[in-house]
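Inside the fold
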Amino acid sequence: MSRRKRTRTIRSAAQSLTITENAMAETNIKYGLIAEFDTTADTLHAAAMVRDAGYRRWDVFTPFPVHGMDEAMGLPRSKVGWFTFFAGLTGFTLGMLMIWWMNAYDYPIVVGGKPLFSPIFSFPVAYECTILLGAFGSLFGMLFLNRLPKLYNPLFRSVRFARVTHDKFFIVVEATDPRFSDIDTRKLLERAGSKHIEEVRD
Amino acid sequence: MALHDTSVTEKLVVGPKWRKLPLGLLIGGAIIGLIGAFVNTRQFAHSYLLAFMFFLSICLGGMFLVMIHHLFDAAWSVPVRRVAEHIACLLPIMAALFVPIAILAPGYIYEWMRRDPHLDHALHAKHPLFTMGGFYIIAVVLFVIWSWLAWSLRKWSLEQDKTGAAVCTFKMRKYSAGGIYLFALTLTLGAIMWMKALEHQWFSTMYGVYYYAASVWTTLATFYLLVAFLKRTGSLSGVVHTRQMHDIGVLLFAFTVFYAYIAFSQYFLIWNAAIPEETFWYVKREQGSWWQICMLLVFGHFALPFLLLLRIDAKLSLPLMVPLCIWAWLMHFIDMSFNIIPLVSPNDFQLHILDIGCMAFFAGVLSLVFIKYFNSHPPYPIKDPRLGEALGVHHAGARAPIAASE
């Protein structure tokens with residue numbers, strides 16, 4: 001390796017070191033502990049243990065939906081249904097109003113000897129509007145409740161976490177949880193059967 | 001299954017207060033019916049037809065539940081399947097109970113039987129079906145098919161209780177696969193020949209599926225009550241869990257919407273086309289207090305159960321579900337009445353003492369037979385290969401059960 005080239009390598013290494021140091025300085029907030037698991041059964045069991053230990057700010061990440069996880073995590077029932085219901089109700093009302101407005105008020109035309117407005121012929125369209133807005137209510141209600149879209153998550157800093165979309169299961173206990181403690185939480189996750197636990201900093 | 005041996009003999013225990021109820025209903029209903037048959041034959045014939053169509057709904061619905069269980073290769077419904085199998089096996093009893101209708105049909109029930117097809121185009125157009133021969137041949141064929149299917153499905157299920165062989169499951173699956181087509185055709189024929197034929201001039205291509213939707217809805221309400229009762233009295237307490245109750249509730253909810261969809265579609269198409277040959281049926285049913293019955297069907301048969309069943313936890317709440325299922329019986333009775341009774345009481349809705357008598361008689365006979373069936377066989381398919389899965393032991397390597405800590 002020529003001398004000039006070596007100098008450049010050293011310089012770039014030094015540069016990257018400085019960047020890392022700067023990054024470390026900026027991201028010194030502890031985000032939480034992340035524990036890795038290999039199977040659904042282990043993860044379900046560990047989730048139940050974390051639930052029973054009384055943690056509040058924690059989550060489970062899996063490559064696919066796991067049956068029974070809601071109970072294992074002790075999650076309350078989803079509130080998405082309320083968004084669906086009221087959005088559907090709005091859709092039904094708007095659908096009926098729309099047809100009344102167009103056929104009986106704004107531009108009244110008699111068609112086939114039928115009344116200008118009747119809930120009978122309006123029903124299929126109002127019903128479709130119910131479904132459309134109900135679906136919107138479900139989708140956007142879900143996004144709203146999950147605070148999505150979310151472009152950044154401190155967990156992206158963990159290299160091993162990338163495998164959550166492939167074949168690994170993770171339980172994350174956030175440092176903001178009132179029960180969180182470096183030692184006890186780590187011990188709990190170890191007892192729950194995790195073979196790899198690491199701290200994530202943001 | 002090592003968990004369950006063949007010596008399971010949980011009997012259906014009925015409290016001493018209620019033990020005499022089925023026999024009481026049978027005798028009371030029979031007395032009222034017999035008197036009515038001679039005093040007011042025309043009313044009796046229609047009341048009897050009303051009760052017959054009401055209970056036929058439940059029996060056919062039971063057979064449908066068994067068939068879809070096999071067609072979907074379902075696991076959750078294994079512990080409750082035997083109840084549906086017994087309900088379906090009430091169909092041969094229904095064949096015997098059809099005899100009074102067969103006797104009274106020409107004289108007192110179906111007007112078309114007394115008409116000359118050469119002078120009535122609507123009748124002439126339906127000629128091969130709407131003849132005396134056609135009516136009786138169809139009745140025999142329908143009951144033979146139903147009895148054969150119901151009996152075969154239960155026979156292989158009981159065979160599996162002894163052997164535990166998978167071949168029984170395959171047999172039942174084959175009966176269900178062919179049977180579902182026969183079921184659709186025969187149920188439609190039954191609904192047309194026995195109920196729609198009261199006004200033979202009428203057309204509605206949705207009538208079969210209308211009766212089917214109402215039937216399965218009522219059956220699910222009955223099924224929910226029976227399973228909840230058997231779970232409480234102990235026969236099914238070991239195998240029926242939240243999952244089963246929830247899923248029956250979900251099906252009931254689905255059929256609440258499906259019935260409304262079909263009933264509305266039938267009305268909507270006829271309303272929109274506005275052809276006198278079709279509209280007369282509904283015009284008749286908007287006279288007097290029948291109009292209120294129409295509204296009761298819209299709001300009581302659909303809107304109320306729909307709103308009550310919306311929440312997930314509602315399907316598990318017995319204080320809500322038990323009254324709701326009984327309400328479903330009432331609504332189905334009103335629905336059948338809406339179809340049949342305007343023929344004898346065109347101006348106003350009526351609840352005749354003979355309606356109640358015939359309903360009591362059918363309820364008595366069928367519940368007696370059901371209890372006899374239930375007590376002479378294992379309460380659930382004890383060796384079904386899918387039973388373990390239904391009981392939630394299929395998670396390979398699962399450790400302790402994960403119950404939410406209350």
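Residues numbered from 1 in each chain as written. Chains lettered and ligands numbered in written order. Predicted model: local features only at pLDDT ≥ 70, side-chain atom pairs only at ≥ 80, totals over all residues. Heavy atoms only, no water.

Along chain A, the regular secondary structure elements total six helices and four strands. Element order for chain A, N to C, with α for helix and β for strand: α-β-α-β-α-α-α-β-α-β. Expressed as a percentage of the 202 residues in chain A, the buried residues total 32%. Across chain A, the fraction of contacts at a sequence separation of at least 24, relative to all contacts at a separation of at least 6, is 77%. Entry remark: accessible area of chain A is about 13,400 Å², with carbon and sulfur atoms responsible for 62%. (Helix = DSSP H or I, 4+ residues; strand = E, 2+ residues; numbered from the N terminus. Buried < 20%, exposed > 50% of the residue type's maximum accessible area, 1.4 Å probe, protein only. Contact = heavy atoms within 4.5 Å. Areas by Shrake-Rupley, 256 points an atom, 1.4 Å probe, with all protein chains shown as cover.)

We now examine the packing of helix H2 (residues 41-71) of chain B against helix H5 (residues 99-109) of chain B. How two helices pack is summed up by the angle between their axes together with the distance between the axes. All names here are of chain B. Close contact between H2 and H5 brings their axes to 10 Å; oriented N to C, the two are set at 130 degrees. Between H2 and H5, the angle falls in the class oblique. Once H2 is placed against H5, the crossing between them reads as left-handed. When H2 is examined against H5, the residues Thr41, Arg42, Phe44, Ala45, His46, Tyr48, Leu49 and Phe52 are found in contact with a partner set consisting of Pro100, Ile101, Leu104, Tyr108 and Ile109. (Axes fitted to C-alpha atoms, helices over the stretch in contact; angles between N-to-C directions. Parallel < 35°, antiparallel > 145°, perpendicular 65-115°, else oblique. Left-handed = near helix turned anticlockwise from the far one by under 90°.)

Let's shift gears to a nonpolar patch on the surface. Residue and element names in this part refer to chain A. Together, Leu94, Leu97, Met98, Trp100, Trp101, Met102, Tyr105 and Val125 line one region of the surface with nonpolar side chains, adding up to about 770 Å² of accessible area. When residues of the nonpolar patch are assigned to their parent elements, the largest contribution, seven residues, is made by helix H4 (residues 80-106). Tracing the sequence through the fold places valine 125 in helix H5 (residues 119-145). Given the relative accessible area of 36%, valine 125 is considered partly exposed. (Patch = residues over 30% accessible without salt bridge, like charges linked within 9 Å, V, L, I, M, F, W, Y side chains within 5 Å. Salt bridge = Lys/Arg side-chain N within 4 Å of Asp/Glu carboxyl O.)

This part takes up the nonpolar core. Residues and elements named next belong to chain B. Met63, Tyr110 and Trp194 are the most contacted members of the largest nonpolar core, which has 130 residues in total. When residues in this core are grouped by element, the largest group, 20 residues, is from H2. Excluding anything up to four places from it in sequence, tyrosine 110 contacts Leu49, Ile101, Ala105, Phe135, Met193, Trp194, Ala197 and Leu198. (Core = buried A, V, L, I, M, F, W, Y, C linked by side-chain atoms within 4.5 Å.)

Residue and element names in this part refer to chain A. Spatially, the four strands line up as an open sheet ordered E2-E3-E1-E4, and their pairing is antiparallel. The open sheet is flanked by strand E2 (58-61) and strand E4 (196-201), the only strands paired with a single partner. For this sheet, the mean angle separating the axes of adjacent strands, direction not counted, is 20 degrees. As defined by bridge partners, E2 adjoins strand E3 (residues 169-174) across four bridges and the pair is classed as antiparallel. (Pairing = 2+ DSSP bridges.)

Another aspect to go through is the confidence of the model for chain B. In this model, chain B carries an average pLDDT of 91, and 93% of its residues clear a pLDDT of 70 or more. Within the model, the stretch residues 1-9 of chain B combines pLDDT values under 50 with 14 contacts to residues more than four positions away or in other chains. (pLDDT = per-residue confidence, 0-100.)

The subject of this paragraph is the interface of chain B and chain A. For interface size, the figure often reported is the accessible area lost on association. Each side of the interface is counted separately: chain B has 20 residues, and chain A has 20 residues. When chain B packs against chain A, close to 1,700 Å² is buried across both sides, 68% of that on carbon and sulfur atoms. For the interface between chain B and chain A, the tally reads one salt bridge. Between aspartate 313 of chain B and arginine 77 of chain A there is a salt bridge, with its nearest N and O atoms 3.9 Å apart. A per-element tally of the side of chain B that touches chain A places helix H10 (residues 242-273) of chain B first, with six residues. Per-class residue counts for the side of chain B that touches chain A are 14 nonpolar, three polar and three charged. (Buried area = accessible area lost by both parts, 1.4 Å probe. Nonpolar A, V, L, I, M, F, W, Y, C, P; charged D, E, K, R; others polar.)

Pairing between side chains becomes possible if they bear opposite charge and their charged atoms approach one another. Taken as a whole, this structure holds 24 salt bridges over all chains when the rule is applied. The shortest N-O distance in the salt bridge between lysine 195 of chain A and aspartate 38 of chain A comes to 3.7 Å. Taken together, the residues span a long stretch of sequence, with lysine 195 of chain A in the loop between helix H6 (182-191) and E4 and aspartate 38 of chain A in the loop between strand E1 (30-37) and helix H2 (40-52) at a distance of 157 residues. Taking relative accessible area as the criterion, lysine 195 of chain A reaches 68% and is therefore assigned exposed. Among the residues examined, aspartate 38 of chain A registers a relative accessible area of 36% and is labelled partly exposed. The partner of lysine 284 of chain B in a salt bridge is glutamate 199 of chain B, and the shortest N-O contact between them spans 3.0 Å. Of the two residues, lysine 284 of chain B is situated in helix H11 (residues 276-284) and glutamate 199 of chain B in the loop between helix H8 (166-194) and helix H9 (207-233); the sequence distance between them amounts to 85 residues. Judged by its relative accessible area of 29%, lysine 284 of chain B falls in the partly exposed class.

With that settled, the discussion passes to unusual backbone geometry. Most peptide bonds take the trans configuration, and most residues that are not glycine carry a negative phi. Residue and element names in this part refer to chain A. At the junction of leucine 148 and proline 149, the peptide bond is cis and its omega measures out at 0 degrees in the coordinates. Here proline 149 shows up in the loop between H5 and E3. Here the phi dihedral of arginine 147 falls at roughly 55 degrees; this positive angle occurs in a residue that is not glycine. Relative to the helices and strands, arginine 147 resides in the loop between H5 and E3.

Note on terminology: a disulfide is the covalent bond linking the sulfur atoms of two cysteines. Residue and element names in this part refer to chain B. Taken as a whole, this structure holds zero disulfides over all chains when the rule is applied. Cysteine cysteine 89 remains unbridged, with the sulfur of cysteine 59 as its closest cysteine sulfur at 10 Å. Residue cysteine 89 is classed as buried on the basis of its relative accessible area of 0%. Here cysteine 168 is not cross-linked by a disulfide; its sulfur's nearest cysteine counterpart is in cysteine 89, at 15 Å. On the basis of relative accessible area, cysteine 168 is assigned to the buried category, the value being 2%. (Disulfide = S-S within 2.5 Å.)

For the rest of this paragraph, the subject is the packing of aromatic side chains. Each aromatic ring pair is characterised by the separation of its centres together with the angle its planes make. Residue and element names in this part refer to chain B. For the structure shown, the criterion picks out 57 aromatic pairs over all chains. When the centroid spacing of 4.9 Å and the interplanar angle of 50 degrees are considered together, the rings of tryptophan 112 and phenylalanine 130 count as tilted. Here tryptophan 112 is found in the loop between H5 and helix H6 (121-125), whereas its partner phenylalanine 130 is found in the loop between H6 and helix H7 (132-163), with 18 residues between them in sequence. Taking relative accessible area as the criterion, tryptophan 112 reaches 2% and is therefore assigned buried. If you follow lysine 126 out to its NZ or CZ, it ends over the ring of phenylalanine 203, 4.7 Å from the centre. Positioned above the aromatic ring of tyrosine 373, the side-chain terminus of arginine 154 is 4.3 Å from the ring centre. (Phe/Tyr/Trp six-rings, centres within 6.5 Å; stacked < 30°, edge-to-face > 60°. Lys NZ or Arg CZ within 6 Å of the ring centre and 35° of its normal.)

Annotation of chain A at the domain level lists domain 1 (28-76 + 150-201) and domain 2 (80-145). Relative to domain 2 of chain A, the C-alpha centre of domain 1 of chain A lies at a distance of 43 Å. (Domains from an automatic or database assignment.)

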